[in-house]
Amino acid sequence: MKDVTNYSENLARGDDGLLYRPGVRASMEAFTTGGGTAALEAAAAVRAAAQAVERLRSHGAGGRGLSAGALDVLTRLGVAGEEGLPLGELARAAGMSPRNATGLVDTLERDGLVRRVQDRRDRRSVRAEITPAGRDWLESFRAPTQRAMSAVFQGLTDDDLARLRHLCLCLVENQQRIEAYLNPSPPDPRTA
């Protein structure tokens, strides 16, 4: 028998009617020595939500073991057309380093879901394209994923979902701004 934790037991509603986790709140209050905990509680909630979505995504993968990154690459190649995408363009589109994209393509190629092909227009470039087995994999993944996402987002309106998307992407935008500040690009010597 599986040991399944009932996460709803860890939830409570505040006076404002909004959900929170009492254990997280208590630990954050101790951590901040009585300071504001809203941002820390929100960060913990984002992590918990991401983990919940990932657990359902993994379940929908039917034990086929694709990571979220590999699934993203496969999905992008599934809509890229017959010629696939150059590895550098794939990395940029997926928001990952070329090294990570290459590693994911290696994994997908080993599993027979993707293949590398020489670019017909530029012999120096290699493209990745989805295989028929990759298309079949995506097709078998589609229905369970749609059911899982409908279940996990049950009770949220389209407006709620749009707002949630917006808020999550605001976090991403803030993180990118902070990262750019902490790791500024070196000046281009051609324009300096």
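Heads up: the structure comes first, above all this text.
Residues numbered from 1 in each chain as written. Predicted model: local features only at pLDDT ≥ 70, side-chain atom pairs only at ≥ 80, totals over all residues. Heavy atoms only, no water.

Enquirer: Provide a residue-level description of the sheet that holds strand β5 (residues 126-130), including the pertinent values.
Expert: With antiparallel pairing, the 3 strands of this open sheet are ordered in space as β3-β5-β4. The outermost strands of the open sheet, each flanked by one partner alone, are β3 (85-86) and β4 (114-118). Here 5 bridges tie β4 to β5, and the two strands are oriented antiparallel to one another. Among the inter-strand pairings, Arg 116 is bridged to a residue of β5, identified as Ala 128. This element, helix α5 (residues 98-110), spans β4 and β5 of the sheet and lies at about 115 degrees to β4. (Pairing = 2+ DSSP bridges. Helix = DSSP H or I, 4+ residues; strand = E, 2+ residues; numbered from the N terminus. Contact = heavy atoms within 4.5 Å. Axes fitted to C-alpha atoms, helices over the stretch in contact; angles between N-to-C directions.)

Enquirer: Explain the packing of aromatic side chains to me, and be specific about the residues and the numbers.
Expert: One pair of aromatic rings is described through two measures. These are the centre distance and the angle between the planes. Taken as a whole and assessed by the stated rule, the structure comprises 1 aromatic pair. Centre to centre, the rings of Trp 137 and Phe 141 are 4.9 Å apart; their planes meet at 25 degrees, and the pair counts as stacked. Of this pair, Trp 137 and Phe 141 both sit in helix α6 (residues 132-152), 4 residues apart, roughly one helical turn. Assigned by exposure class, Trp 137 and Phe 141 land together as buried. Stacked on the ring of Tyr 20, the Lys or Arg Arg 25 has its end atom at 3.8 Å from the ring centre. (Phe/Tyr/Trp six-rings, centres within 6.5 Å; stacked < 30°, edge-to-face > 60°. Buried < 20%, exposed > 50% of the residue type's maximum accessible area, 1.4 Å probe, protein only. Lys NZ or Arg CZ within 6 Å of the ring centre and 35° of its normal.)

The values are spatial; any link to function lies outside them.
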